[in-house]
Amino acid sequence: MRHVSRRQALGLFTAATATALTGPGLALAQPAPQAVPRLGSDFLWGVASAGFQCEGHAPDSNWKRYVDSHPDYDRYRDAVDFFTRHRSDIALAAGLGVRVYRISIEWARVQPAPGRWDEHALAFYDSVLDAIAAHGMRPMITLDHWVYPGWAAARGGWAHPGMLADWLTNARKVVARYASRNPLWVTFNEPTFYIENEVSNGGLPAASIPAMRDAVVAAHNSIYDEIHRAQPGAQVTSNLAYVVGTVEPVLNGAIIDGIAGKLDYVGIDYYYGYSPQTVERMSPADIKKMWNMPLQPEGIYYALRHYARRFPRTPLYVVENGMPTENGKPRADGYTRADNLRDSIYWIQRAKADGIDVIGYNYWSITDNYEWGSYSPRFGLYTVDVLTDPALTRKPTDAVAAYRTITREGGVAANYRPTRPPVACSLVDAPDSCANPLSVPH
């Protein structure tokens, strides 16, 4: 059985919550402004990627072992081969007009054995960061995007008592080498679902969940201080996979509470939204097929508002947002990648206009990638058919031109109207998002 990926897990937990929230009474929709201002020149437009998911040429790691031990997973091959094509992929991002390029520095690549560093691997990341800088972009560096060395996996991964110390040894090495590049920092990618995937793939006993959670909190808080010593004025976060308002305190609460004092911005990943009607239509098969999951672009407003209330003095950054298709085919609902992008940006502009301090947005992802066991879900601005195209051609989707226009103009037009209107009862931040839904002007 395929593991539950980060985005599939959002569906599992959200659907369960939504089923219990189908009864709130509806109220009149909130008044909508006739026009939304563009986002300012200091807004950070970006794209996102992750090491294992796009680099290829993978060294031994926990995830290499998960793939090899699961015959139902797609074979990894070399993903989209960012390892040898990074300069051209970074140039594609620069052509979009973005200012931020998110990468991860893979611990498994740079430290192949305890106490031994691979200078060729570090030189690769030097080259990646050089290319980002050459195009006038700023790196966003993720220290841990769910992948750790095979030697650490062989000892038990996060269940091993020495994992925290070893993780910090690697993180300090990365910080010391790259703090001068003035990156934005992400310590752990979606830590709640990192833990969940370790359990579902057999890398972590369920009994060790509290220990891994505590270690992740300790690791974040420790490296936060080291980053700030090496890079005064640094901006550090751990991005959260937004689930649904009533469930957020249950799923992400223990970690966000543990690191709340050491967040310079709150990173939010938002993909799916739910209403009572979409929950009724969903089946277990839909949860496993990300392209069938319900999209609700106005939910990004609710997610931002949720964390603006939780952290009223901390800026917010949408670290990941996008939409999946099945092997690059059009979605059954007819919703295009470009329309979803423009609709989502409209709601970010609405949030900013309403006083929510959102400072940046990354599209996930610049190219299609290995979606943790499968090449079928496609999220890329540029699509890549890994399984049938040996050339790994980067083919632009309709969202490329749309994003280029958005970054040039600072958002969608002031009089833009979303292609997909807001639902009458959103469960994204229930009960408030259902009792007081957003609206758009007629």
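Please read these numbers as outputs of a predicted model, since none were measured by experiment.

S.K.: Even after reading the chapter, I still don't get the side chain of Ser374, so can you show me in this structure?
M.R.: Mapped onto the elements of the fold, Ser374 is located in the loop between strand S10 (358–364) and strand S11 (377–378). A polar atom in the side chain of Ser374 sits 3.0 Å from the backbone nitrogen of Ser376.

S.K.: Can you help me understand the nonpolar core in this one?
M.R.: For soluble globular proteins, nonpolar side chains are generally found buried alongside one another. Membership of the largest hydrophobic core comes to 136 residues, with the highest contact counts inside it found for Tyr361 and Tyr403. With nine residues, the next largest nonpolar core counts Val100, Met140, Val186 and Val319 among its residues.

S.K.: What should I look at first to understand the packing of aromatic side chains in this one?
M.R.: Given two aromatic rings, their pairing is described by the distance between the two centres and the angle made by the two planes. One pass over the full model with this rule turns up 33 aromatic pairs. With 6.3 Å between their ring centres and 70° between their planes, Trp45 and Tyr361 make a pair best called edge-to-face. Residue Trp45 is located in strand S1 (residues 44–48), and its partner Tyr361 is located in strand S10; the two are separated by 316 residues in the primary sequence. Assigned by exposure class, Trp45 and Tyr361 land together as buried. Cation over ring: Arg310 sits above Phe311, and NZ or CZ is 4.4 Å from the ring centre. A cation over a ring is seen here: Arg420 above Tyr335, with NZ or CZ 4.0 Å from the ring centre.

S.K.: How do you make sense of the side chain of Asn221 when you look at a structure like this?
M.R.: Following the sequence through the fold, Asn221 ends up in helix H10 (residues 209–230). Within the structure, the side chain of Asn221 is placed 3.1 Å from the backbone oxygen of Gly258, a separation counted as a polar contact.

S.K.: Would you mind showing me how to read helix H16 (residues 337–353) here?
M.R.: In an α-helix, one turn spans 3.6 residues, which is why side chains three or four residues apart end up on the same side. With 17 residues, H16 extends 24 Å from end C-alpha to end C-alpha; this agrees with the ideal 24 Å at 1.5 Å per step. For H16, a buried count of 14 out of 17 residues is recorded, marking the element as mostly surrounded by other parts of the structure. Of the residues trailing H16, Gly355 is marked for its positive phi of about 95°.

S.K.: Where do I start with unusual backbone geometry in this structure?
M.R.: Glycine aside, a negative phi is what most residues show, and trans is what most peptide bonds show. For the bond from Trp364 to Ser365, the omega torsion is 5°, close enough to zero to count as cis. Positionally, Ser365 belongs in the loop between S10 and S11. With an omega of 5°, the peptide bond running from Ala430 to Pro431 counts as cis. By secondary structure assignment, the location of Pro431 is in the loop between helix H17 (398–409) and helix H18 (432–435). Positive phi values are uncommon outside glycine, yet His57 reaches one of about 50°. Positionally, His57 belongs in the loop between helix H2 (51–54) and helix H3 (62–69). Positioned with a positive phi, Trp372 is a non-glycine residue whose angle comes to about 50°.

S.K.: In this structure, what is going on with the confidence of the model for the protein? I would like to understand it.
M.R.: Low pLDDT marks regions whose predicted coordinates should not be analysed in detail. Per-residue confidence for the protein averages 92 on the pLDDT scale, and 93% of its residues sit at or above 70. Contacts from residues 1–10, a stretch scored under 50 in pLDDT, to residues over four places away or in other chains number 52 contacts. Considering only residues more than four positions removed or in separate chains, one finds that residues 22–27, a stretch of pLDDT under 50, has 11 contacts.

S.K.: Explain the sheet that holds strand S2 (residues 100–104) here, please?
M.R.: For sheets, the rule is that strands pair by backbone hydrogen bonds, running either parallel or antiparallel. With respect to topology, nine strands assemble into an open sheet ordered S5-S4-S3-S2-S1-S10-S8-S7-S6, the strand pairing being parallel. The strands lining the two open edges of the sheet, one partner per strand, are strand S5 (236–237) and strand S6 (240–241). Looking at chain direction, S1 and S2 are connected through three bridges and run parallel. Bridged to Ala48 within S2 is Arg102. On top of the sheet, helix H15 (residues 299–310) reaches S6, strand S7 (266–270), strand S8 (316–321) and S10; it is set at about 155° to S7, its chief contact. This element, H17, spans S1 and S10 of the sheet and lies at about 155° to S1.

Conventions and cut-offs
Each chain carries its own residue numbering, running from 1 in the written order of its sequence. Residues qualify for local features only when their pLDDT is at least 70, as the model is predicted, and side-chain atom pairs are given and counted only at 80 or more; totals for whole chains, interfaces and linings, by contrast, use all residues. Side-chain figures throughout are based on the complete set of non-hydrogen atoms in the structure, without hydrogens or water. Secondary structure elements follow DSSP: runs of H or I no shorter than four residues count as helices, runs of E no shorter than two count as strands, and numbering proceeds from the N terminus. Think of a polar contact as two N or O atoms within 3.5 Å of one another; within protein, one of them needs to be a possible hydrogen donor and the other a possible acceptor, and neighboring residues in sequence only count if both atoms come from side chains. What is meant by a nonpolar core is a set of buried Ala, Val, Leu, Ile, Met, Phe, Trp, Tyr and Cys residues, joined one to another through side-chain atoms within 4.5 Å. The buried label applies to any residue whose accessible area, calculated with a 1.4 Å probe on protein chains only, is under 20% of its type's maximum; exposed applies above 50%, and partly exposed to all values in between. Ring geometry is summarised as follows: Phe, Tyr and Trp rings, the Trp one being its six-membered ring, pair when their centres sit within 6.5 Å, and such pairs are stacked at plane angles under 30 degrees, edge-to-face over 60 and tilted between the two. Lysine NZ or arginine CZ positioned within 6 Å of the ring centre and within 35 degrees of the ring normal marks a charge as sitting over the ring. Expected span, for any helix, means 1.5 Å times one less than how many residues it has. Note on scores: pLDDT gives the predictor's confidence for each residue, bounded by 0 and 100. By the convention used here, residues are in contact when the closest approach between their heavy atoms is within 4.5 Å. Paired strands are those between which DSSP finds at least two bridges. Every axis in this analysis is a line fitted to C-alpha atoms, fitted for helices over the stretch in contact. Angles between the N-to-C directions lie between 0 and 180 degrees.

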